[in-house]
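# Understanding the architecture of this molecule
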Amino acid sequence: QVQLEESGGGTVQPGGSLRVSCASSGHNASTYCLAWFRQAPGEERAAVATISAWSSTTWYAASVKGRFIISRDKAENTMYLQMNSLKPEDSAIYYCAARGSDYCINPPKLNYFQFWGQGTQVTVSS
C-alpha cells in the first residue's frame, strides 16, 4: 500500500514563508512523477507544481512561479514545497500526489495521479 503524508502546514502572515513536506512509504519515490495540488473552500483542486523522477525537471503554475520552489530528496522519499512571499490567495489545503512514471506531463491533470496524501492546511492571514 502506497502512502503519502503531508506535514508542515500552518498559519503565516502575508509575505511570510512556509515549507510543507510530503513523505512517502511503500514505494520508491525516485521513480515517480511528484506533484503538489491545492484546494481552497468552494474551489476545484488546482495544480501547483510538479517535479520529474529522472531529471528533476520542474513545472509551476503561473500564480506561484517565482515564489514557490518544489524539490525532492530521493534518498528519503520526501518531497518539499518551499513557499515564499505568501499571499492570502495561497490559503488552501495542500495535497501531494504521485504517479508511477519517470516523467511528468504538464500541465498536470487530477486523474493523472494514482496516489494522494490527506492534505495539510496552509492559511495566509494578517
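In what follows, the accompanying structure is described. Since the model is a prediction, treat every value here as computed from it, not as a measurement. (Residues numbered from 1 in each chain as written. Predicted model: local features only at pLDDT ≥ 70, side-chain atom pairs only at ≥ 80, totals over all residues. Heavy atoms only, no water.)

### A short note on the overall build of the protein
Tallying secondary structure elements over the protein gives zero helices and eleven strands in all. If you list the helices and strands of the protein from N to C, you get β-β-β-β-β-β-β-β-β-β-β. Radius of gyration (C-alpha) of the protein: 13 Å, near the 14 Å computed for a compact globule of 126 residues. Overall, the C-alpha framework of the protein stretches about 40 × 25 × 25 Å when taken along its three principal axes. Relative to its 126 residues, the protein shows a buried fraction of 46%. Counting contacts in the protein only where the partners sit at least 6 residues apart, residues at least 24 apart contribute 60% of the total. Entry remark: accessible area of the protein is about 6500 Å², with carbon and sulfur atoms responsible for 47%. For the protein, the centre of its 10 positive side-chain charges and the centre of its 9 negative side-chain charges are spaced 6 Å apart. (Helix = DSSP H or I, 4+ residues; strand = E, 2+ residues; numbered from the N terminus. Rg over C-alpha atoms; globule rule 2.2 N^0.38 Å. Buried < 20%, exposed > 50% of the residue type's maximum accessible area, 1.4 Å probe, protein only. Contact = heavy atoms within 4.5 Å. Areas by Shrake-Rupley, 256 points an atom, 1.4 Å probe, with all protein chains shown as cover. Lys, Arg positive; Asp, Glu negative; His and termini not counted. Charge placed at Lys NZ, Arg CZ, Asp CG, Glu CD.)

### Comments concerning unusual backbone geometry
Cis geometry is adopted by the peptide bond preceding P107, which originates at N106 and carries an omega value of -5°. By the element assignment, P107 lies in the loop between strand 9 (92-99) and strand 10 (115-116). Even without being glycine, S56 reaches a positive phi, approximately 60°. Residue position: S56 is located in the loop between strand 5 (46-51) and strand 6 (58-60). Take S56: its relative accessible area is 29%, and that puts it in the partly exposed class. Unusually for a residue other than glycine, S85 sits at a positive phi of about 50°. Mapped onto the fold, S85 is located in the loop between strand 8 (78-83) and strand 9.

### Some remarks on the pattern of salt bridges
Summed over all chains, the structure comprises two salt bridges. A single network of salt bridges, built from pairs that share partners, joins R38, R67 and D90. (Salt bridge = Lys/Arg side-chain N within 4 Å of Asp/Glu carboxyl O.)

### A short note on the pairing of strand 1 (residues 3-7)
Only one face of strand 1 is buried: it carries L4 and E6, and the other face, with Q3, E5 and S7, is open. Of the pairings in the sheet, the one linking strand 1 to strand 3 (residues 18-25) comprises five bridges and is antiparallel in character. Residue pairing for strand 3: L4 is matched across the bridge by S24. (Pairing = 2+ DSSP bridges.)

### A closer look at the sheet that holds strand 8
The four strands lie next to each other as 1-3-8-7, forming an open sheet whose pairing is antiparallel. At either end of the open sheet lies a strand with only one pairing partner, and these are strand 1 and strand 7 (68-73). Sheet twist, expressed as the mean angle between neighbouring strand axes with direction ignored, is 15°. (Axes fitted to C-alpha atoms, helices over the stretch in contact; angles between N-to-C directions.)

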